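# Commentary on secondary and tertiary structure
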Amino acid sequence: MKSTIDNTVEFVKKQLEGAEAGHDWFHIERVWKLSKKIAAAEECNQDVVELAALLHDIADPKFHDGDETLALKISRDFLESQKVPEDVILQVLFVIKNISFKNRGEVPENLPIELKIVQDADRIDAIGAIGIARTFNFGGFKNNLMYHPDIEPKLRMSKDEYKKSNGTTINHFYEKLLLLKDLMNTDEGKKIAEERHNYMLLFLDQFYKEWNVD
């Protein structure tokens, strides 16, 4: 499967040329490496983990008019071209379909360990110093306000509300990022997330100190 993984790396790099910096090849590479790190402590199908990590953001719906089927089609077409067995393809597509934070209320119970691993890795890349950088990069991409003291975070949004939200970047910490630590599936994911979560809390404390100058 090594040649397939290598081919997938090249395919994803090409597909994501010019992508928004928080969802580019380097994001994929970090999630891939984190997935392998977490997978080392779990009994899992390594091929499914690596392929799903590499393909999970091949066509992020937020950059494709909300289309949640495009990534599945692109991934299936590519995996079939690589002669990947159908059972592996189905497992990879299941991860891609169910990995998203916004879809967490729709996923079935008893999730496979491969999804749990890649989901943890993807969520870990959304927090800590990297997560802060990605959040402000995407906020700038959407021309959202960094912060507004009169705009409160919107907690417990529905999926549609979350997809349409254009709140401030700081509010996004409360609407998503600070929630991720407690959504980790694996022991390794929980350990990594704890440190990154605490870093975000320190950042927010410093941000408010600098914003609220006497």
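Thresholds, definitions, all that
Residues numbered from 1 in each chain as written. Predicted model: local features only at pLDDT ≥ 70, side-chain atom pairs only at ≥ 80, totals over all residues. Heavy atoms only, no water. Phe/Tyr/Trp six-rings, centres within 6.5 Å; stacked < 30°, edge-to-face > 60°. Helix = DSSP H or I, 4+ residues; strand = E, 2+ residues; numbered from the N terminus. Buried < 20%, exposed > 50% of the residue type's maximum accessible area, 1.4 Å probe, protein only. Salt bridge = Lys/Arg side-chain N within 4 Å of Asp/Glu carboxyl O. Axes fitted to C-alpha atoms, helices over the stretch in contact; angles between N-to-C directions. Parallel < 35°, antiparallel > 145°, perpendicular 65-115°, else oblique. Contact = heavy atoms within 4.5 Å. Nonpolar A, V, L, I, M, F, W, Y, C, P; charged D, E, K, R; others polar. Expected span 1.5 Å × (residues − 1). Polar contact = N/O pair within 3.5 Å; in protein donor to acceptor, adjacent residues only side chain to side chain.

All right, on to the packing of aromatic side chains then. In this description, an aromatic ring pair is defined by two values, namely the gap between the centres and the angle between the planes. Going through the model one piece at a time under the given rule, you end up with 12 aromatic pairs. Taken together, a centroid distance of 6.3 Å and an interplanar angle of 55 degrees make the contact between F136 and F173 tilted. Pair noted here: F136 is in helix α7 (residues 128–141) and F173 is in helix α9 (residues 169–175), with a separation of 37 residues, a long-range link. On the basis of relative accessibility, which here comes to 0%, the residue F173 falls in the buried class. Pairing Y147 with F207 gives two aromatic rings, centres 5.8 Å apart and planes at 90 degrees, and the pair type is edge-to-face. Taken together, the residues span a long stretch of sequence, with Y147 in the loop between α7 and α8 (159–164) and F207 in helix α10 (residues 187–211) at a distance of 60 residues. Across the pair, exposure class does not vary: Y147 and F207 are buried alike. Ring-pair connections join several aromatic residues into one group, and the members of that group are F136, Y147, F173, F203, F207, Y208 and W211.

Per the stated rule, a full pass over the model turns up nine salt bridges. With a closest N to O distance of 2.7 Å, E80 and R76 form a salt bridge. Of this pair, E80 and R76 both sit in helix α4 (residues 70–81), four residues apart, which is roughly one turn of that helix. Overall, the relative accessible area of 39% leaves E80 in the partly exposed class. A relative accessible area of 22% places R76 in the partly exposed class. Several salt bridges converge on common partners, so that one network encompasses R30, D125 and R134.

Running from N to C, α7 and α10 point in directions that differ by 55 degrees, and their axes come no closer than 8 Å. Judged by the angle between their axes, α7 and α10 are oblique. Taken together, the residues of α10 that come into contact with α7 (itself represented by G128, A129, I132 and F136) are R196, Y199, M200, F203 and F207. For the contact of α7 with α10, the class distribution of residues is seven nonpolar, one polar and one charged.

The end-to-end C-alpha separation of helix α5 (residues 86–98) is 18 Å, in line with the 18 Å expected for 13 residues at 1.5 Å each. Residues of α5 that are buried: V88, I89, V92, L93, V95, I96 and N98. Looking at the packing, one finds that the buried side of α5 touches α3 (46–55), α4 and α6 (113–124).

Turning next to the environment of D182. Within the fold, D182 resides in the loop between α9 and α10. Within the structure, the side chain of D182 is placed 3.0 Å from the side chain of K181, a separation counted as a polar contact.

Here we take up the environment of G189. Inspection of the secondary structure puts G189 in helix α10. In this structure G189 comes out as buried when scored by relative accessible area, which is 0%. Spatially, the C-alpha atoms of G189 and R123 are 9.0 Å apart, while their sequence positions differ by 66 residues. Residues contacting G189, with those up to four places away along its chain left out, are I38, D120, I124 and M184.

Treat this as a map of the structure, not an account of what it does.
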